Amino acid sequence: MQNTSHAVMAQRIEGRDAPDDFPTPPWATRALLEHVLKHDASFKNKTCLEPACGAGHMARVLAEYFGAVTNSDAYDYGYGQIRDFLTHPFEMRSVDWVITNPPFRLSEEFVLRALTIAKEGVAILARTVFLESVGRYRNLFAQTPPSKFAQFTERVPMLRGRLDRKATTATGYAWLVWELDAASVTPQLVWIPPCRKKLERNGDYPVEASRLMIV
Ligand SMILES: C[S@@+](CC[C@H](N)C(=O)[O-])C[C@H]1O[C@@H](n2cnc3c(N)ncnc32)[C@H](O)[C@@H]1O
């Protein structure tokens, strides 16, 4: 019997120069604001940068909560400005939050850079296994641990280049959050409760081709 779990996980292994274009289902971004950051009215006065915006599936949700969202990506998806996050001279402390789902192979570099640009906090969506590795421990977690590690209890299916409401995955995901106002940080482990059904909206997914056919 085929090991389908491995097959699904292997899809996310990209070559070193690949863009790693795996759009985030909108409900998973709403879960950050609703269950982890626990937004309030003050978010409408805050700014946010989505520096790897792709086709805007995360950015559009961030705009539901933040007063202003700036979007960019190293590749052209017809959404946001074209800027390599690791080399473009973004101004230090120029936005309140930096929030993204970065290319997995560059996640560590993205966090370190985002921490110089944000005034209030940084949040990245990453595979749960991002927490592992001696390299990441030495370069990131030992000196700069996240203030929150928020594990999804539901799976967050991501496919290369497209959203699909019916997709499945064997990969676990979490939001890692660095809140910059804390003087010293003891990381907090939290669980994101089941919320997909409540946080999905009509219009989050492309209309299926079959439904477009006139019958
Ligand atoms: C996992 S996708 C996420 C897309 C979008 N953030 C979302 O959640 O729907 C990663 C994105 O990182 C972009 N990317 C890759 N390398 C980058 C870089 N050096 N600077 C900015 N964006 C980059 C890719 O083009 C891709 O859109």
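To be clear, the structure that these remarks concern was listed above.
Just so we're clear, the structure is a prediction, and the values are computed from it rather than from any experiment.

Criteria and thresholds
Residues numbered from 1 in each chain as written. Predicted model: local features only at pLDDT ≥ 70, side-chain atom pairs only at ≥ 80, totals over all residues. Heavy atoms only, no water. Near = heavy atom within 4 Å. Polar contact = N/O pair within 3.5 Å; in protein donor to acceptor, adjacent residues only side chain to side chain. Areas by Shrake-Rupley, 256 points an atom, 1.4 Å probe, with all protein chains shown as cover. Nonpolar A, V, L, I, M, F, W, Y, C, P; charged D, E, K, R; others polar. Core = buried A, V, L, I, M, F, W, Y, C linked by side-chain atoms within 4.5 Å. Buried < 20%, exposed > 50% of the residue type's maximum accessible area, 1.4 Å probe, protein only. Helix = DSSP H or I, 4+ residues; strand = E, 2+ residues; numbered from the N terminus. Salt bridge = Lys/Arg side-chain N within 4 Å of Asp/Glu carboxyl O. Pairing = 2+ DSSP bridges. Phe/Tyr/Trp six-rings, centres within 6.5 Å; stacked < 30°, edge-to-face > 60°. Lys NZ or Arg CZ within 6 Å of the ring centre and 35° of its normal.

A. Up close: the site of the ligand. Contacts to the ligand come from 24 residues, most closely from Thr 24, Glu 50, Ala 52, Asp 73 and Tyr 77. One of the side-chain nitrogen or oxygen atoms of Thr 24 is found 2.5 Å away from an oxygen atom of the ligand. Here a nitrogen atom of the ligand sits 3.3 Å away from a polar atom, N or O, in the main chain of Ala 74. Isolated, the ligand exposes 600 Å² of accessible area, and the fraction of that covered by the protein chains is 98%. Looking at the shell around the ligand residue by residue, the class counts come to 13 nonpolar, five polar and six charged.

B. Spatial organisation of the nonpolar core. Counting 33 residues, the largest nonpolar core has Leu 32, Phe 66, Ile 99, Phe 152 and Trp 175 as the members making the most contacts within it. Taken together, the elements giving at least two residues each to this core come down to α2 (26-36), α3 (59-65), β4 (95-100), β5 (118-127), β6 (148-152), β7 (173-179) and β8 (188-192). Element by element, the count of residues in this core is highest for α2, at six residues. Core analysis: the next-biggest nonpolar cluster, separate from the first, contains 24 residues, Leu 49, Ala 52, Leu 115 and Ala 174 among them.

C. Spatial organisation of α2. Burial analysis of α2 places nine of its 11 residues in the buried class, the great majority of the element. Among the residues of α2, those classed as buried are Pro 26, Trp 27, Ala 28, Thr 29, Arg 30, Ala 31, Leu 32, Leu 33 and Val 36. In the stretch just after α2, Lys 38 is the one whose phi turns positive, near 50 degrees.

D. Structural view of the environment of Val 69. With respect to the helices and strands, the residue Val 69 is situated in strand β2 (residues 68-73). Each C-alpha atom of the pair Val 69 and Trp 97 lies 9.3 Å from the other, and the pair is 28 residues apart in sequence.

E. Up close: the pattern of salt bridges. If you walk through the whole model with that rule in mind, you get eight salt bridges. Across the pair Glu 179 and Lys 148 runs a salt bridge whose closest N-O atoms are separated by 3.0 Å. Pair noted here: Glu 179 is in strand β7 and Lys 148 is in strand β6, with a separation of 31 residues, a long-range link. The buried category is assigned to Lys 148, whose relative accessible area is 15%. One network of salt bridges, in which partners are shared, links Arg 30, Glu 64 and Asp 204.

F. The arrangement of the sheet that holds β6 in detail. Pairing in this open sheet of eight strands is mixed, and the strands run β3-β2-β1-β4-β5-β7-β6-β8 from one edge to the other. Of all the strands in the sheet, the pair left with one neighbour each is β3 (81-82) and β8.

G. Quick peek at the packing of aromatic side chains. This model, assessed by the stated rule, comprises six aromatic pairs. Centroid distance Phe 43 to Phe 66: 5.4 Å. Interplanar angle 50 degrees. Geometry classified as tilted. Taken together, the residues Phe 43 in the loop between α2 and β1 (47-50) and Phe 66 in the loop between α3 and β2 connect sequence positions 23 residues apart. With respect to burial, Phe 43 and Phe 66 carry one shared label: buried. The ring of Phe 85 has Arg 113 lying over it, and the distance from NZ or CZ to the ring centre is 5.9 Å. Lying over the aromatic face of Phe 104, Arg 127 brings its terminal NZ or CZ to 3.7 Å of the ring centre.

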